[in-house]
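Examining the three-dimensional arrangement
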Amino acid sequence: MGLNIAIIIIIGLLGYWYSSQGFLSGLLHLVCVICAASLAFAWWEPIVVDNMLNTSWWSGLMPGFMLLTIFVITLAILRMASDKLAFGNTRIPRAIDVAGGAIMGALSGVLTAGVLLLGNGFVDQTTAILGMQGWRAGDNGTIQWGDGDGAAKLWLPVDSWTVEVLETLSLASMHPDLSGRPLARWNPELDRQAWLLRDRLKHKSQPQFTQMIQPPDSITVDRAYQYEASDGSDLWVIPMSFKKNGMDF
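A short tour of the structure in this document, coming up. (Residues numbered from 1 in each chain as written. Predicted model: local features only at pLDDT ≥ 70, side-chain atom pairs only at ≥ 80, totals over all residues. Heavy atoms only, no water.)

To continue, consider the pattern of salt bridges. Applying the stated criterion across every chain, the model contains one salt bridge. Measuring nitrogen to oxygen at the nearest pair gives 3.6 Å for the salt bridge that ties Asp83 to Arg79. Of this pair, Asp83 and Arg79 both sit in helix α3 (residues 62-85), four residues apart, roughly one helical turn. For Arg79, a relative accessible area of 15% corresponds to the buried category. (Salt bridge = Lys/Arg side-chain N within 4 Å of Asp/Glu carboxyl O. Helix = DSSP H or I, 4+ residues; strand = E, 2+ residues; numbered from the N terminus. Buried < 20%, exposed > 50% of the residue type's maximum accessible area, 1.4 Å probe, protein only.)

Taken as a whole and judged by the stated rule, the model has three aromatic pairs. Ring geometry for Trp44 versus Phe122: centroids 4.9 Å apart, planes at 50°, classification tilted. Taken together, the residues span a long stretch of sequence, with Trp44 in helix α2 (residues 23-51) and Phe122 in the loop between α4 (94-121) and β1 (135-137) at a distance of 78 residues. With a centroid separation of 5.7 Å and an interplanar angle of 90°, the aromatic rings of Trp135 and Trp145 are classed as edge-to-face. Residue Trp135 is located in strand β1, and its partner Trp145 is located in strand β2 (residues 143-145); the two are separated by 10 residues in the primary sequence. Each member of the pair, Trp135 together with Trp145, is buried. These aromatic residues form a ring-pair network of at least three members: Trp135, Trp145 and Trp195. Cation over ring: Arg192 sits above Trp135, and NZ or CZ is 3.9 Å from the ring centre. (Phe/Tyr/Trp six-rings, centres within 6.5 Å; stacked < 30°, edge-to-face > 60°. Lys NZ or Arg CZ within 6 Å of the ring centre and 35° of its normal.)

Each regular strand shows side chains that alternate between the opposite faces of the sheet. Of the strand pairs in this sheet, strand β4 (residues 225-228) and strand β5 (residues 234-237) are connected by four bridges, and their pairing is antiparallel. Residue pairing across strands places Tyr225 opposite Val237, the latter belonging to β5. Hairpin connection, β4 to β5: the antiparallel pair is bridged by five residues, and Gly232 has positive phi, about 90°. (Pairing = 2+ DSSP bridges.)

This part covers empty space enclosed by the protein. Overall, the coordinates contain one cavity of 30 Å³ or more when judged by the stated rule. For the largest cavity, the calculated volume is near 30 Å³. Considering the residues around the largest cavity, the lining is formed by Val33, Ile34, Ala37, Leu111, Thr162, Val165 and Leu166. Of all elements in the fold, only α2 and α5 (158-170) reach the threshold of two or more residues within the lining of the largest cavity. Residues belonging to the lining of the largest cavity are distributed by class as follows: six nonpolar, one polar and no charged. (1 Å grid on protein atoms, 1.4 Å probe; cavity = no way out; pocket = protein on both sides within 12 Å on 5 of 7 lines; lining within 4 Å. Points joined across faces, edges and corners; volume = space filled by probe spheres on them. Nonpolar A, V, L, I, M, F, W, Y, C, P; charged D, E, K, R; others polar.)

See below:
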């Protein structure tokens, strides 16, 4: 309940604010949010992986922290630049100005709440976010939402909406990674990943936290092989060897 209310508050506040600021102001902010989110999701992994991972506890905080930091800083810079470049004294009929501003603000709120939820998911903390348990591995190995059928869901799945927008743009005009590896193909379903990284077996000595980032050279990945299952489907097995410091408690 708490997470659903927080999402609605963010969307409502931005919608209300830009209903008073007007359609053009709301449209500029929406464009800035889209650009800032695209840049944040393009840059956060290289920055974190290349410069900020070690064996200390704070490595688990860096992915989400850096994602949100890049988003906030980039959004602030873009907003300041857009305010300087935007034309002043543009006249729009009052009804369209108010309604259009509210719609643009609400859309910005959806994307902003989505980025905040995704960034929070990549911070190694408790399995739930404001009381909401999202995607997790079920007892039979399948991926399910919460505890299965009947589990409380997000009223507004802003994280999956945000990922869908960014994946679509990554295959089109917003492709800022300069490497030919768009988000939709390189890191698909990022909304599920953000929840699943928090999913872990509980232990009496460590009931809530897990080791999100593996220490360097703690895992050896061997050659994958394929075999046919009893039902005729193809299965792939990837053998992995863990050193002691690579074990999760």
